[in-house]
Amino acid sequence: IGTRMKTRINKLTALEGNRFYYEAFKSDEHKTLLMGIRNSLAQVPSEAPLKHFSKDEQLAYWLNLYNVTLLSEIVKIYPEKKLDDLVEDDDSVMYEKILTVAGIKLSLKDIETILYEKYNADPVIIYGMYQGIIGGPSIRKRAFTGDRVWNDLEANTNEFINSNRGTYADKKNVFRVSSLYERNERYFPNFDSDLKEHLLTYLEGYTRYELEDAKRIKVNINDLSLIHISE
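These notes cover the structure that comes with them. Remember, predicted model here, so these are calculated numbers, not experimental data.

**Thoughts on the overall build of the protein chain**
For step 1, the next point in the chain: Scanning the protein chain from N- to C-terminus turns up 8 helices and 5 strands.
For step 2, the next point in the chain: When the helices and strands of the protein chain are read in sequence order from the N terminus, they spell out α-α-α-β-β-α-α-β-β-α-α-α-β.
For step 3, the next point in the chain: When burial is assessed residue by residue, the protein chain has 48% of its 231 residues classed as buried.
For step 4, the next point in the chain: Restricting to contacts in the protein chain with at least 6 residues of sequence separation, those with at least 24 account for 70%.
For step 5, the next point in the chain: Split by element, the accessible area of the protein chain, about 11600 Å² in all, is 49% carbon and sulfur.

Structure (structure tokens):
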């Protein structure tokens, strides 16, 4: 669902992104099921070292592990609707060593670093890491696999950038962007120029021209509400 036709900034992202049905995971049985998937994924490198997989398969593996781990952590705190502490707090679960992969303790932030370093700081990677919030990339309907991971990442990239939660131009010479880019600023060393180049690769329609004419990029689209479907 998109909201490109929204004009009021306080409703800019209200209907953005896809939805995860967290209500279905309120029971202990379903929480256990999700945790079982997470644990099985974390165990894979101990049974079949990742070096035996292609680089694309490894990318799919890390993204799937990241996403299912974050989902299992959100399920623990649901129905909490604001995820500020989870996404932005330095003491959040994002920094806790909650995973053990091939005998090594890892946090979600560690996985982000692995992906950044292993895949040449390609910014499309950030669109494969689900954040659980309206202001983040959509979660795919199916798991990433090696044969289609880059196509799925490109689809997520295009969808996010061409949505209100990704980019928005409502003032002359000022182009608004998501705080997702600020949280991933290492992908854009020369922030404004690198981000502008990246966005122009995917932007469509009038918004592309708005960015080309903009004098300043402003990071102020920041919807940290839980993205969910409720009963």
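**Some words on the packing of helix H7 (residues 191-202) against helix H8 (residues 206-213)**
Two measures define how a pair of helices packs: the angle their axes make with one another and the distance between the axes.
For step 1, the next point in the chain: Remark: H7 packs on H8, axes separated minimally by 10 Å, with the N-to-C direction vectors making an angle of 160 degrees. With respect to their mutual orientation, H7 and H8 come out roughly antiparallel. Taken as a pair, H7 and H8 cross one another with a handedness that is left-handed. On the side of H7, the interface is formed by Lys196, Leu199, Leu200 and Thr201, while H8 contributes Arg208, Leu211 and Glu212.

**What about the packing of helix H1 (residues 28-47) against helix H2 (residues 55-77)?**
For step 1, the next point in the chain: Running from amino to carboxyl end, H1 crosses H2 at an angle of 150 degrees, the nearest separation of the two axes being 9 Å. The orientation of H1 relative to H2 falls into the category roughly antiparallel. For the pair H1 and H2, the crossing hand works out as left-handed. Judged by residue contacts, Lys31, Leu34, Met35, Ile37, Arg38, Leu41, Ala42, Val44 and Pro45 of H1 engage Tyr61, Asn64, Leu65, Val68, Thr69, Leu71, Ser72, Glu73, Val75 and Lys76 from H2.
For step 2, the next point in the chain: Broken down by class, the residue content of the contact of H1 with H2 amounts to 12 nonpolar, 3 polar and 4 charged.

**Re the sheet that holds strand E3 (residues 167-171)**
For step 1, the next point in the chain: On the basis of which strands lie adjacent, the open sheet formed by 3 strands has the order E3-E4-E5 and mixed pairing. Edge positions in the open sheet fall to E3 and strand E5 (216-221), since each of these has one partner strand only. Sheet twist, expressed as the average angle between the axes of neighbouring strands with direction ignored, equals 35 degrees.
For step 2, the next point in the chain: In the packing of H8 onto the sheet, contacts are made with E3, strand E4 (174-178) and E5, and the angle to E4 comes to roughly 115 degrees.

**A word on the pattern of salt bridges**
For step 1, the next point in the chain: Inspection of every chain in the model, using the stated rule, returns 9 salt bridges.
For step 2, the next point in the chain: Here Arg38 makes a salt bridge to Glu73, at a shortest N to O gap of 2.7 Å. Separated by 35 residues along the polypeptide, Arg38 in helix H1 and Glu73 in helix H2 bring together distant segments of the chain.
For step 3, the next point in the chain: Residue Asp152 pairs with Arg148 through a salt bridge whose shortest N-O separation is 3.5 Å.
For step 4, the next point in the chain: For Asp152, a relative accessible area of 4% translates into the label buried.
For step 5, the next point in the chain: Salt bridges sharing partners connect three or more residues here, namely Arg140, Arg142, Arg148 and Asp152.

So, how was this worked out
Residues numbered from 1 in each chain as written. Predicted model: local features only at pLDDT ≥ 70, side-chain atom pairs only at ≥ 80, totals over all residues. Heavy atoms only, no water. Helix = DSSP H or I, 4+ residues; strand = E, 2+ residues; numbered from the N terminus. Buried < 20%, exposed > 50% of the residue type's maximum accessible area, 1.4 Å probe, protein only. Contact = heavy atoms within 4.5 Å. Areas by Shrake-Rupley, 256 points an atom, 1.4 Å probe, with all protein chains shown as cover. Axes fitted to C-alpha atoms, helices over the stretch in contact; angles between N-to-C directions. Parallel < 35°, antiparallel > 145°, perpendicular 65-115°, else oblique. Left-handed = near helix turned anticlockwise from the far one by under 90°. Nonpolar A, V, L, I, M, F, W, Y, C, P; charged D, E, K, R; others polar. Pairing = 2+ DSSP bridges. Salt bridge = Lys/Arg side-chain N within 4 Å of Asp/Glu carboxyl O.

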